[in-house]
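Structure at a glance
So the chains spell out like this:
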Amino acid sequence: MQDHLVRILSQDGTLRASAAVTTEMVEQMRLRQGTDPAATVALGRLATGAALLGSQLKDDQRLLLTIEGIGPLQKLHAEADAGGHVRASVKNPVSGLPLREGRLDIAGAVGRAGFLHVVKDLGFGEPYRGSVLLHTSEIAEDLAWYLSTSEQVPSSVALGVYLEPAGEVSAAGGFLIQAMPGGHDSLVALVEERIRELPPISALLREGQSPVQILEQLFEGIPFNEKARTDLIFRCTCSRTQVVQMLRALGKEEIQDLVQKEEQTSVTCEFCKETYTFSRAELEEMSR
Ligand code: ZN
């Protein structure tokens, strides 16, 4: 199943939800970042969360999620736009942690204390910024906690990444459900009950269930309309032009310094790991 996201709204307009399958995208991130299993799951959950939150953006709006924790992964980033393009990176891709009670120790890899930062560039004025302390460090609960407290929209978030024994991603995805103002508590309670009854999201995705099928189970008995379907793709926005601009921003002295020290200078993108190499002559040109 090609990675995609489906967004729905209950017919009375008080509940909105998105569900996504992100298997391919998370596998791409694993290969590019060289993550170990706990890091793959943590990064995959954050990237899926970014895709779900990104589904509420419009036009060229962008969203950036950052987790800074005291665990070995140190810092995780995930960026998404309204077009379903997602990229992500992790500062230290190897958690090196043993299993905890037979399971990957995601909270330990992220760190049981730290921050979740959210930046939304809505395309006008200063970007919106919000931060919360990590709640459980399992990422889904932290995003729900952020949405419910900082944005004050009661939210449920489920994120799942399933790995094969060799570490490849064989299923990834998640869902986000939000209660809008003026909704009935009984409807929210009904959905909450469904969430409790449903098997873990990674199990549903491993069975091959699509985002629509997952939403149909969550909203059983609640009439809803499908609002949008978006393909999700790993895509990096870096380019040689952008790297040149970044190097220019260092200033003439810094560039001259590089010209004198190095035969050539390489810059590697933290997201896609593409390396851009510049010769001495090219750098000299930039410093003029
Ligand atoms: Zn890149």
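Calculation criteria
Residues numbered from 1 in each chain as written. Predicted model: local features only at pLDDT ≥ 70, side-chain atom pairs only at ≥ 80, totals over all residues. Heavy atoms only, no water. Pairing = 2+ DSSP bridges. Helix = DSSP H or I, 4+ residues; strand = E, 2+ residues; numbered from the N terminus. Axes fitted to C-alpha atoms, helices over the stretch in contact; angles between N-to-C directions. Phe/Tyr/Trp six-rings, centres within 6.5 Å; stacked < 30°, edge-to-face > 60°. Lys NZ or Arg CZ within 6 Å of the ring centre and 35° of its normal. Donors = N, O, S within 2.8 Å, 3.2 Å for Na, K, Ca; no water. Buried < 20%, exposed > 50% of the residue type's maximum accessible area, 1.4 Å probe, protein only. Domains from an automatic or database assignment. Contact = heavy atoms within 4.5 Å. Buried area = accessible area lost by both parts, 1.4 Å probe. Salt bridge = Lys/Arg side-chain N within 4 Å of Asp/Glu carboxyl O. Polar contact = N/O pair within 3.5 Å; in protein donor to acceptor, adjacent residues only side chain to side chain.

Here the focus is the sheet that holds strand β1 (residues 4-10). Spatially, five strands are ordered β8-β9-β2-β1-β10 in an open sheet, and the strand pairing comes out antiparallel. Each of the sheet's edge strands pairs with one partner strand only, and the pair in question is β8 (155-163) and β10 (224-231). For this sheet, the mean inter-axis angle between neighbouring strands, taken without regard to orientation, is 10°. Sheet topology places β1 next to β10; seven bridges connect them, and they run antiparallel. Along β10, the bridge assignment pairs His-4 with Asp-231.

Our focus in this paragraph is the packing of aromatic side chains. Scanning all chains against the criterion turns up one aromatic pair. Judged by centre distance (5.7 Å) and plane angle (80°), the rings of Phe-219 and Phe-224 are edge-to-face. The side chain of Arg-87 reaches across the aromatic face of Phe-271, ending 3.8 Å from its centre. Cation over ring: Arg-206 sits above Tyr-162, and NZ or CZ is 3.6 Å from the ring centre.

Below, the discussion takes up the coordination of the zinc ion. Angles at a metal have ideal values that depend on geometry: 109.5 degrees with four tetrahedral donors, 90 or 180 degrees with six octahedral donors. Cys-236 (SG), Cys-238 (SG), Cys-269 (SG) and Cys-272 (SG) make up the full set of protein donors to the zinc ion, lying at 2.2 to 2.3 Å. As a motif over one chain, the donors of the zinc ion read C-x1-C-x30-C-x2-C. One end of the pair, Cys-238, is in the loop between β11 (233-234) and α8 (240-249); the other, Cys-269, is in the loop between β12 (264-268) and β13 (275-279), and 31 residues separate them in sequence. Neither Cys-238 nor Cys-269 differs from the other in exposure class; each is buried.

This part is about the domain arrangement of the protein. Segmentation of the protein into domains returns domain 1 (4-234) and domain 2 (240-286). Averaged C-alpha coordinates put domain 1 and domain 2 at centres separated by 35 Å. Listed by partner, the interface residues are eight residues for domain 1 and four residues for domain 2. In this assembly, domain 1 packs against domain 2 so that about 580 Å² is buried in total across both faces, 54% of it on carbon and sulfur atoms. Considering only the side of domain 1, the residues that lose the most area to domain 2 are Arg-32, Gln-33 and Arg-87, jointly responsible for 59% of the buried surface there. Inspection of the region where domain 1 meets domain 2 yields zero salt bridges. Between the two partners, domain 1 and domain 2, sit four residue pairs in polar contact (both at pLDDT 80 or more). For the side of domain 1 that touches domain 2, the secondary structure elements donating two or more residues are α1 (23-33), β4 (75-81) and β5 (85-90). Looking at the side of domain 1 that touches domain 2, the element that brings in the most residues is β5, giving three residues.

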